[in-house]
Amino acid sequence: MKFVPEKKPIYEETLDSLSERIAEGGEKPFRAKQVMEWLYKKRVGSWDEMTNLPKSFREWLDNEYEIAPAKQVLMKQAGDVTDKLLLQLGDGSLIETVIIRVPQEGVGLEHSRKTVCISTQVGCAFGCKFCASGLDGWKRNLSAGEIVAQLLQVCFLEDARTPRARPEIPSFDNIVVMGMGEPLANYDNLLAALKIVNADWGLNFGARRITVSTSGVVPQIKRLAEEPFQFRLAISLHGATNEVREQIMPINKRWPLEELLPAAKQFSRKQGRMLTLEYILIEDINDQLEQAERLAEIALDLRAHVNLIPYNTVEGLPWKRPNILRQDRFVSVLKDRGASVTIRREKGHEINAACGQLRLQTEKELRATGA
Ligand code: SF4
């Protein structure tokens, strides 16, 4: 299903494409640069605020383009460190964007390092058994503009919270493409969006601070390896053998480990970047010590960092988070084998922080109230 908005979202345009369209509309192409400055450096949310543009041109822009393709409908916070935004798109679809703060010694939380996690699809077709995003299936891909708009929404929020000396620079430090949806199943729109995020006329945000996460879409991992951007890659492994991975990730039947791991190696070799292996620890499913042993071998072979995430309970799903003792044993095996490993004890447990949970819960509530 493809959603076609009445007006084209302005966040989908590049400097070149906007210059061309403006020229076709009878205005001077240099106006495109001014528009981009207002959008991405001064970050205004309406045409009227673009005060150095002639009124007739602002009217033309208003007729041609949508400037607000995402509307914040809900924000949930967990202990000052995680904000989860529920955004509504032009067709009423809901998506999630998360801001994660990492507190640092000696600085207030408002100046802590921030990572923004963005979505790429409404729902997801990949059906990983532990994930809330896939429970209602896949609805559609996000457009490039809708992907960019999530970051601008975060900028609006953060700029209003903490005025900064250099407001033209986004207030977050990292972007992870790890929210709702499989990013590499929406490859073209994702790449178009990240080019805008990376461009000097756009958010001017370094590719090396952007992590694309995939459940293992092998052909697109190989394609990403050939791109001239140095994005980071995270692979959601969640099982160190085909047998275990297949139980919870249907994608493993399509691209088993013997195809996925060489593709990951190819990416790492081509891009010269250390990979991350994401591994959600689920009790009695993938937290056995033999899995830890095999995971250590894989990580050492790929020279990858392992990020362990104890499972966040999802309503309607049977899986459980292992207790701390089991988590620590798993970590010890990896460390003893010399693998690089961290365990992320989730900060957002109490706000339905597993991807897709807040959206699912809100859609259920809306359905129940007939809204
Ligand atoms: S974990 Fe990612 S790929 Fe798997 S169902 Fe959830 S959103 Fe889709």
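Within each chain, residue numbers correspond to sequence positions counted from 1 in written order. Where local features are concerned, this predicted model is filtered to residues with pLDDT of at least 70; where side-chain atom pairs are given and counted, the filter is 80 or more; whole-chain, interface and lining totals use all residues. Only hydrogens and water are removed before side-chain values are computed, so all heavy atoms of the structure are retained for them.

Let's shift gears to the pairing of strand β11 (residues 232–236). When you tally the buried positions in β11, you get four out of five residues, the bulk of the element. Only strands joined by at least two bridges in the DSSP assignment are considered to pair. The way it works is that DSSP assigns letters per residue, a run of H or I at least four long becomes a helix, a run of E at least two long becomes a strand, and they are numbered from the N terminus. With four bridges connecting them, strand β10 (residues 210–214) and β11 associate as parallel partners. Pairing of serine 213 across the sheet is with alanine 234, part of β11. Think of it like this: strands point away, you trace from the first strand over the helix to the second, and a clockwise trace means the crossover is right-handed. Chirality of the crossover, the property in question, places the unit of β10, helix α6 (residues 218–225) and β11 among those that are right-handed. By the bridge criterion, three bridges tie β11 to strand β12 (residues 276–281) in an arrangement that is parallel. Counterpart to alanine 234 in the pairing with β12 is threonine 276. Buried, partly exposed and exposed residues are distinguished by accessible area as a fraction of the type maximum, computed with a 1.4 Å probe on protein chains only: under 20%, between the cut-offs, and over 50%, respectively.

Think of it this way: a Phe, Tyr or Trp ring, Trp meaning its six-membered ring, pairs with another when their centres are within 6.5 Å, and the plane angle makes it stacked under 30 degrees, edge-to-face over 60, tilted otherwise. Taken as a whole, this structure holds seven aromatic pairs when the rule is applied. Ring centres of tyrosine 40 and tryptophan 201 lie 6.4 Å apart, and the angle between their planes is 65 degrees; on these two criteria the pair is classed as edge-to-face. Of this pair, tyrosine 40 sits in helix α2 (residues 31–41) while tryptophan 201 sits in the loop between α5 (187–198) and β10, and the two are 161 residues apart along the sequence. In this pair, the class of tyrosine 40 matches that of tryptophan 201, namely buried. A centroid spacing of 5.3 Å and a plane angle of 20 degrees characterise the contact between phenylalanine 229 and phenylalanine 231, whose relative ring orientation is stacked. Assessed through its relative accessible area of 16%, phenylalanine 229 is described here as buried. Looking at phenylalanine 231, the relative accessible area reads 1%, which means it is buried. One aromatic cluster is present, built from ring pairs that chain together Tyr11, Tyr40 and Trp201.

Here we take up the site of the ligand. Near the ligand you find Cys124, Phe126, Gly127, Cys128, Cys131, Ser133, Gly181 and Ser215, and these make up its full shell. Classifying every residue of the shell around the ligand by side-chain character gives four nonpolar, four polar and no charged. In these notes, residues near a molecule or strand are those with any non-hydrogen atom within 4 Å of it. Polar here means any residue outside two lists: the nonpolar Ala, Val, Leu, Ile, Met, Phe, Trp, Tyr, Cys and Pro, and the charged Asp, Glu, Lys and Arg; Gly therefore counts as polar.

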